[in-house]
Amino acid sequence: MKKILMLFTIFSSLIFYAQKKYVVVIHGGAGTILRKDMSPELEKQYVNKLNEALTKSYQKIKEGKSSLEAVEAAIVVMEDSPLFNAGKGAVFTNDGRNELDASIMYGKDKSAGAVAGVTVVKNPIKAALAVMQKSEHVMMVGKGAEQFAKKEGLEIVNPKYFWTEKRWDALQKVKKAELNVNQPNAMNNIYYPSNYWIDRKFGTVGCVALDKEGNISAGTSTGGMTNKKYGRVGDSPIIGAGTYADKNVGISGTGWGEFYIRTSAARTVAAKYEYQNKDVKTATEEVMLEIEKLGGDGGMIALDKNGNVAMTFNTEGMYRGTVTEDGEINIEIYK
């Protein structure tokens, strides 16, 4: 009996120590991402850029820098790439503008910063971090946020910097679809506008990191939704909806923002973890199920204080990746 007990103890220990500890998890958006629609060249571009984001973020962790710096490093890489709907690759509003949102949160003390509707700040995640670290506020919007970013020495660009042919063409397709109100939508769902099938990729980017001190940070950046009107703001810059971090867990979401706001998606994951003792995989799955029942879709990433990770989505794919404390990188795109 003692031998059996000893063997069981050894076996359990092996399983425990075989579990990987993750220190960074990222996403580059969820949506209708199908292998058949992806050329090998484009897929390679996405993989390389996700790899670069993870590598730069991991380097910060390895050097003993804070998880805030790691999150910023990963998101800046994706903001500077036209592949993602954030920064350089932001989608267009109905009136042909690029309006950018971002947020960041530090789990150790729950400090947070966010910007919304900015049009000339090259890296919105840096502006969100500046709001957190250099002001008494949590969120700034529009011209005021831009004025603050300029005062803090952040890089300001001509709005033309954000123009890309791919995103401009997408806007034209959506506007054309709007003319036919009887056109069926992607999911045959009353919650979606009839033109939704044209633009059903949520390219928001996000990162959650765990540093050597055990502190978690989470950040999210987006260009919003193609053809958005009336100064619409989604969940990405809203703390507790698209981004959240505390001493236990960090979360970043990507998807139909209205539903993430209505469910307080990111904060709900953290609450399930803390108060219901749900692991990050179960907690994110339950929140995504709630979003789906309301008519929404998308995905979210989460990382807890022990290095456990979740990358949950209810769409055809989500650009996503992880890196372990040993520097092992894994990148996935499809289901």
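Bear in mind that the values here come from a model prediction, so they are computed numbers and not experimental data.

Asker: What's the story with the packing of helix α8 (residues 265-275) against helix α9 (residues 280-294) in this structure? I'm lost.
Answerer: Between two packed helices, both the angle of their axes relative to each other and the distance between the axes serve to describe the pair. Between α8 and α9, the shortest axis-to-axis distance is 9 Å and the interhelical angle comes to 140°. By the angle between their directions, the pair α8 and α9 is classed as oblique. Classified by chirality, the crossing of α9 by α8 is right-handed. Contact with α8, carried on its side by Ala265, Thr268, Val269, Lys272 and Tyr273, involves Val280, Ala283, Thr284, Glu286, Val287 and Ile291 of α9 and no other residues of that element. Residue composition of the contact of α8 with α9, grouped by class: seven nonpolar, two polar and two charged.

Asker: Just to check I follow, could you spell out the sheet that holds strand β11 (residues 309-313) for this structure?
Answerer: Whether parallel or antiparallel, the strands of a sheet pair through hydrogen bonds between backbone atoms. Read across the open sheet, the four strands follow the order β8-β9-β10-β11; overall the sheet is antiparallel. Two strands in the sheet have a free side with no partner beyond their single neighbour: β8 (243-245) and β11. Pairs of neighbouring strands in the sheet enclose a mean axial angle of 10°, with direction left out of account.

Asker: Would you take a moment to explain the packing of aromatic side chains for this structure?
Answerer: Overall, the coordinates contain seven aromatic pairs when judged by the stated rule. Measuring from centroid to centroid gives 6.3 Å for Phe84 and Tyr319, while their planes differ by 85°, and the two rings are edge-to-face. In this pair, Phe84 is assigned in the loop between α3 (67-79) and β2 (100-106) and Tyr319 in strand β12 (residues 317-324), connecting sequence segments 235 residues apart. For the pair Phe84 and Tyr319, a shared accessibility class is recorded, and that class is buried.

Asker: Looking at this structure, I do not really get the pairing of β2. What am I missing?
Answerer: Each regular strand displays side chains that alternate between the two surfaces of the sheet. Of all the seven residues making up β2, seven are buried; the element is thus mostly covered by neighbouring parts of the structure. Neither face of β2 is left uncovered, since the one carrying Leu100, Ala102, Ile104 and Tyr106 and the one carrying Asp101, Ser103 and Met105 both have all their residues buried. The pairing of β2 with strand β3 (residues 111-118) spans six bridges and is classified as antiparallel. Pairing of Tyr106 across the sheet is with Ser111, part of β3. Connecting β2 to the next strand, β3, in antiparallel fashion are four residues, including Lys110 with a positive phi near 60°. In the sheet, β2 pairs with strand β7 (residues 216-222) via six bridges, with the strands oriented antiparallel. Residue pairing in the sheet places Met105 in a bridge with Ala218 of β7.

Asker: Explain the nonpolar core to me, please; I cannot follow it from the model alone.
Answerer: Proteins that are soluble and globular tend to have nonpolar side chains buried together. Core analysis: the largest hydrophobic core is formed by 51 residues, its most contacted members being Val24, Ile26 and Ile104. No other element matches α3, which puts eight residues into this core. Leaving out residues up to four positions away in the same chain, Val24 has contacts with Leu54, Ser57, Tyr58, Ile61, Cys207, Val208, Ala209, Leu303, Gly321, Thr322 and Val323. With 34 residues, the next largest nonpolar core counts Ala30, Val208, Val249 and Ala266 among its residues.

Asker: Help me understand the pairing of strand β6 (residues 205-210) in this model?
Answerer: Here β6 lies mainly inside the structure; six of its six residues are buried. Of the two faces of β6, the one carrying Val205, Cys207 and Ala209 and the one carrying Gly206, Val208 and Leu210 are both buried. Pairing geometry for strand β1 (residues 22-31) and β6, over four bridges, is antiparallel. When the bridges of β6 are listed, Val24 appears paired with Ala209. With antiparallel pairing between neighbouring strands as the criterion, β6 and β7 make up a hairpin whose turn holds five residues, including Gly214 at a positive phi of roughly 85°.

Asker: I would appreciate a short explanation of the pattern of salt bridges in the present structure.
Answerer: If charged atoms from side chains of opposite charge come close, those side chains can pair. In this structure the tally under the stated criterion is 16 salt bridges. Glu52 serves as the salt-bridge partner of Lys49, at 2.9 Å between the closest nitrogen and oxygen. In this pair, Lys49 and Glu52 are both assigned in helix α2 (residues 40-62), three residues apart and thus about one turn of the helix distant. Since its relative accessible area comes to 27%, Glu52 is described here as partly exposed. In this structure, the salt-bridge partner of Lys65 is Glu63, at a minimum N-O distance of 3.4 Å. Assessed through its relative accessible area of 45%, Glu63 is described here as partly exposed. The structure contains a network of salt bridges with shared partners spanning Lys49, Glu52 and Lys56.

Analysis parameters
- Residues numbered from 1 in each chain as written.
- Predicted model: local features only at pLDDT ≥ 70, side-chain atom pairs only at ≥ 80, totals over all residues.
- Heavy atoms only, no water.
- Axes fitted to C-alpha atoms, helices over the stretch in contact; angles between N-to-C directions.
- Helix = DSSP H or I, 4+ residues; strand = E, 2+ residues; numbered from the N terminus.
- Parallel < 35°, antiparallel > 145°, perpendicular 65-115°, else oblique.
- Left-handed = near helix turned anticlockwise from the far one by under 90°.
- Contact = heavy atoms within 4.5 Å.
- Nonpolar A, V, L, I, M, F, W, Y, C, P; charged D, E, K, R; others polar.
- Pairing = 2+ DSSP bridges.
- Phe/Tyr/Trp six-rings, centres within 6.5 Å; stacked < 30°, edge-to-face > 60°.
- Buried < 20%, exposed > 50% of the residue type's maximum accessible area, 1.4 Å probe, protein only.
- Core = buried A, V, L, I, M, F, W, Y, C linked by side-chain atoms within 4.5 Å.
- Salt bridge = Lys/Arg side-chain N within 4 Å of Asp/Glu carboxyl O.

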